[in-house]
Amino acid sequence: MNTALATVTATTPLLRRDRETPLLRHCSLSKPSSFRLNRLRFRSGVQKTLLRISASSQSASAAVNVAADASIPSEMKAWVYSEYGGVDVLKLESNIAVPVVNDDQVLIKVVAAALNPVDAKRRQGKFKATDSPLPTVPGYDVAGVVVKVGNSVKDFKEGDEVYANVSEKALEGPKQSGSLAEYTAVEEKLLALKPKNIDFSQAAGLPLAIETADEGLVRTEFSAGKSILVLNGAGGVGSLAIQLAKHVYGASMVAATASTGKLELVRSLGADLAIDYTKENIEDLTEKFDVVFDAIGMCDKAVKVIKEGGKVVALTGAVTPPGFRFVVTSNGDVLKKLNPYIESGKVKPVVDPKGPFPFSRVADAFSYLETNHATGKVVVYPIP
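Predicted model only: the values in this text are computed from it and were never measured. (Residues numbered from 1 in each chain as written. Predicted model: local features only at pLDDT ≥ 70, side-chain atom pairs only at ≥ 80, totals over all residues. Heavy atoms only, no water.)

## Some remarks on the overall build of the protein chain
For step 1, the next point in the chain: Secondary structure assignment for the protein chain yields nine helices and 17 strands.
For step 2, the next point in the chain: Looking at the protein chain as a whole, 54% of its 384 residues are labelled buried.
For step 3, the next point in the chain: Taking as baseline every contact in the protein chain between residues at least 6 positions apart, the subset at least 24 positions apart corresponds to 70%.
For step 4, the next point in the chain: Within the structure as shown, the protein chain displays about 15,900 Å² of accessible surface, and the carbon and sulfur contribution to it stands at 49%. (Helix = DSSP H or I, 4+ residues; strand = E, 2+ residues; numbered from the N terminus. Buried < 20%, exposed > 50% of the residue type's maximum accessible area, 1.4 Å probe, protein only. Contact = heavy atoms within 4.5 Å. Areas by Shrake-Rupley, 256 points an atom, 1.4 Å probe, with all protein chains shown as cover.)

## Observations regarding helix 5 (residues 236–248)
For step 1, the next point in the chain: The end-to-end C-alpha distance of helix 5, which contains 13 residues, comes to 17 Å, matching closely the 18 Å that a straight helix rising 1.5 Å per residue would cover.
For step 2, the next point in the chain: Across the 13 residues that make up helix 5, a large majority, 10, are buried.
For step 3, the next point in the chain: Where helix 5 is concerned, the buried positions are Gly236, Val237, Gly238, Ser239, Leu240, Ala241, Ile242, Gln243, Leu244 and Ala245.
For step 4, the next point in the chain: Looking one or two residues past helix 5, Gly250 carries a phi angle of roughly 75 degrees, positive in sign. (Expected span 1.5 Å × (residues − 1).)

## Observations concerning the packing of aromatic side chains
For step 1, the next point in the chain: What the rule picks out here adds up to two aromatic pairs.
For step 2, the next point in the chain: On the basis of an interplanar angle of 50 degrees and a centroid distance of 6.4 Å, the ring pair of Tyr81 and Tyr84 is categorised as tilted.
For step 3, the next point in the chain: Taking NZ or CZ as reference, Lys194 lies 5.2 Å from the ring centre of Phe200, over its face. (Phe/Tyr/Trp six-rings, centres within 6.5 Å; stacked < 30°, edge-to-face > 60°. Lys NZ or Arg CZ within 6 Å of the ring centre and 35° of its normal.)

## Focus on helix 9 (residues 362–369)
Because each turn of an α-helix spans 3.6 residues, side chains separated by three or four positions in sequence point in the same direction.
For step 1, the next point in the chain: Across the eight residues that make up helix 9, a large majority, six, are buried.
For step 2, the next point in the chain: Along helix 9, the residues that are buried comprise Val362, Ala363, Ala365, Phe366, Tyr368 and Leu369.
For step 3, the next point in the chain: Contact partners of the buried residues in helix 9: strand 5 (75–80), strand 7 (105–115), helix 2 (117–123) and strand 17 (378–380).

## A closer look at the environment of Gly261
For step 1, the next point in the chain: When you line up the elements, Gly261 lands in the loop between strand 13 (253–258) and helix 6 (263–269).
For step 2, the next point in the chain: The sequence separation of Gly261 and Asp276 amounts to 15 residues, and the corresponding C-alpha distance is 8.9 Å.

Below, the structure is given as structure tokens:
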């Protein structure tokens, strides 16, 4: 079987300064920086225009009404980093340009966003070779309200409540201007209507994680009647992999690992067997599985508990054959496919109880995420 189903091969696109407008008006690392992201032209000739950044508090109900306001500001608040590093490189800026909307995009007034491990790894510079150029407004997950639509957009209109993973490729040139801002521009093909039965903070925690869980199951050819072991079942991806395997794909048996205090959570999500990883070694299990979904980085052990011909998908850490890794592709059609399961209550978002974190505390939210002890997703809400 394949030992790797996805590899990153893109190189960082070359940028050249527009003759009429400089790339940055001002950027200082020694004091609060105030800079503007202007027109950036990629080698392909496609012009990308980024955000300017701003933050304040706003309720979900207020966000719903924002589309009625025809005036979209030219500047906004956003979290930005201009160099790779720890949480300390994150700065809250208040004069970032609101993105120009391309024909295939909508402009979203962000109500809530969520953090993912890939956000932290990207900020740390682990994907420099394929990252978009600095400075970066981080954030993949978004939930909010459409306030403007591009000329070729057909399925969405102003006032729609939507959610998305804003970057089609997580590592290959992800958006310079992500979701940790008041506004973000997102391609129509990446969007779905927000499920009606959940709020913006819950919706924000779903896109990247649920797309990753679903794509992993698809790539392992998981289907009804098969068994699965999910490692890190209480995490953002793991908690959704349990639910999708059980309630969408029809697993015959779902096992999941978690710490002692989170065993009841994974059982409530659909795990038939909850394994306390602080007390039990998965290599000692008598049960063998058709699929192991490794969301923690234990591929070397995971491959020892699969049936003959079984498959292991590893999201992090070293990959041991026949295990494989992939990088998720954002796809609004996946969200649309899964919306009925969310709206029926079969699949539930899991938001870490320490959150949501207010927009002013994004740095604290990252610090907590990077302890690797979060339950479900770390959410930022409200976003001004």
